[in-house]
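This is what each chain is made of:
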Amino acid sequence: MVKVIASSVRKGNVLDVDGKLYVVLTAQNFHPGKGTPVTQVDMRRIVDGVKVSERWRTTEQVERAFVEDVNFQYLYEDGEGFHFMNPATYDQVVVDAETMGDQKAYLQEGMTCILSIHEGIPLALELPRHVTLEITETEPVVKGQTASSSYKPAILSNGVRTMVPPHVSAGIRVVIATEDNSYVERAKD
């Protein structure tokens, strides 16, 4: 464990508070005109998902847990969870559905992701910024609409809805940003 001052805590950090691990959701520093500056931290307990708010003086020491970010390759999903393999050591890790969240829709077999691991336990997953998917369903092209910058709804091969330019039709592969489900470009393959 590393002791850091409260004002240096950021979103995504893992803290050890009273022997329990927490993931920081938000961290804000407040400097009132009078009185002591404080850091307000909202966090989620990793064991059971309970959300907690803490307030520390900005100079107070808090324990930051060591988290390792490692590249893992996605293998498959079963009743146990989502299975990943470290390509360097061939170690396998299972990530539960709660840790995956909405990101599971973008997982593709063989995809390389970054897992944040603490003492062998996966805490968070970071997908590649862009994925290539096929459009399965969209509205037909309306003549004269291609020149405007309007977008139309489309459903991707993974079931996610997104907005695409009017010239894109069903069966075309497109690049999608995993962060906000937005259309980036037509796939070059």
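Attention here is on the structure that accompanies the text. (Residues numbered from 1 in each chain as written. Predicted model: local features only at pLDDT ≥ 70, side-chain atom pairs only at ≥ 80, totals over all residues. Heavy atoms only, no water.)

1. Concerning the sheet that holds strand β10 (residues 112-118)
The condition that has to hold: Any two strands with at least two DSSP bridges between them are considered paired. Secondary structure elements follow DSSP: runs of H or I no shorter than four residues count as helices, runs of E no shorter than two count as strands, and numbering proceeds from the N terminus. Where helices are involved, their axes are fitted lines through C-alpha atoms of the stretch in contact, as for all axes, and angles between N-to-C directions lie from 0 to 180°.
Spatial strand order, β9-β8-β7-β10-β11: five strands in an open sheet with antiparallel pairing. Each of the sheet's edge strands pairs with one partner strand only, and the pair in question is β9 (92-95) and β11 (121-126). Going across the sheet, the axis of each strand differs from the next one's by a mean of 45 degrees, ignoring polarity. For β10 and β11, the ladder comprises five bridges, and the chain directions are antiparallel. When the bridges of β11 are listed, Ile 114 appears paired with Glu 126.

2. Regarding the environment of Gln 40
We count it as follows: When checking whether two residues touch, look at their non-hydrogen atoms; a contact exists if any pair is within 4.5 Å. A 3.5 Å cut-off defines polar contacts: any pair of N or O atoms within that distance qualifies, except that in protein one atom must be a possible hydrogen donor and the other a possible acceptor, and neighbouring residues in sequence count only when both atoms are side-chain atoms.
Tracing the backbone shows Gln 40 in strand β4 (residues 38-45). When the C-alpha atoms of Gln 40 and Thr 26 are compared, they prove to be 8.1 Å apart, with 14 residues separating the residues in sequence. Setting aside residues up to four positions removed in sequence, Gln 40 forms contacts with Thr 26, Ala 27, Gln 28, Phe 30, Ser 53, Glu 54 and Arg 55. Among the polar contacts listed, one links the side chain of Gln 40 to the side chain of Arg 55, at a separation of 2.8 Å.

3. Focus on the pattern of salt bridges
The criterion, for reference: The salt bridge definition used is simple: a Lys or Arg side-chain nitrogen within 4 Å of an Asp or Glu carboxyl oxygen. In this scheme, a residue with accessible area under 20% of its type's maximum is buried, one over 50% is exposed, and one in between is partly exposed, where area comes from a 1.4 Å probe on protein chains only.
The final tally for this structure, using the stated rule, is four salt bridges. Two residues, Glu 63 and Lys 3, come together in a salt bridge whose shortest N-O distance is 3.7 Å. Taken together, the residues span a long stretch of sequence, with Glu 63 in strand β6 (residues 61-64) and Lys 3 in strand β1 (residues 2-5) at a distance of 60 residues. Since its relative accessible area comes to 53%, Lys 3 is described here as exposed.

4. Here we look at the environment of Val 93
Relative to the helices and strands, Val 93 resides in strand β9. The class of Val 93 is buried, set by a relative accessible area of 12%. Taking C-alpha positions, Val 93 is 8.2 Å from Ile 121, a pair spaced 28 residues apart along the chain. If sequence neighbours within four positions are ignored, Val 93 has contacts with Phe 72, Phe 82, His 83, Phe 84, Leu 115 and Pro 122.

5. A few points about the nonpolar core
This is how it is decided: To define a nonpolar core, start from buried Ala, Val, Leu, Ile, Met, Phe, Trp, Tyr and Cys residues and group those joined through side-chain atoms within 4.5 Å.
Judged by nonpolar contacts, the single largest core of 28 residues is most densely connected at Phe 84, Leu 107, Leu 115 and Val 174. Sorting the residues of this core by element identifies β7 (68-78), β8 (81-85), β9, β10, β12 (130-138), β13 (152-156) and β15 (173-177) as the ones contributing at least two each. With residues near it in sequence (within four places) discarded, Val 174 still touches Val 131, Thr 132, Leu 133, Ile 135, Leu 156, Val 168, Tyr 183, Glu 185, Arg 186 and Ala 187. With eleven residues, the next largest nonpolar core counts Val 4, Leu 15, Val 24 and Val 41 among its residues.

Just geometry here; none of it tells us what the structure is for.
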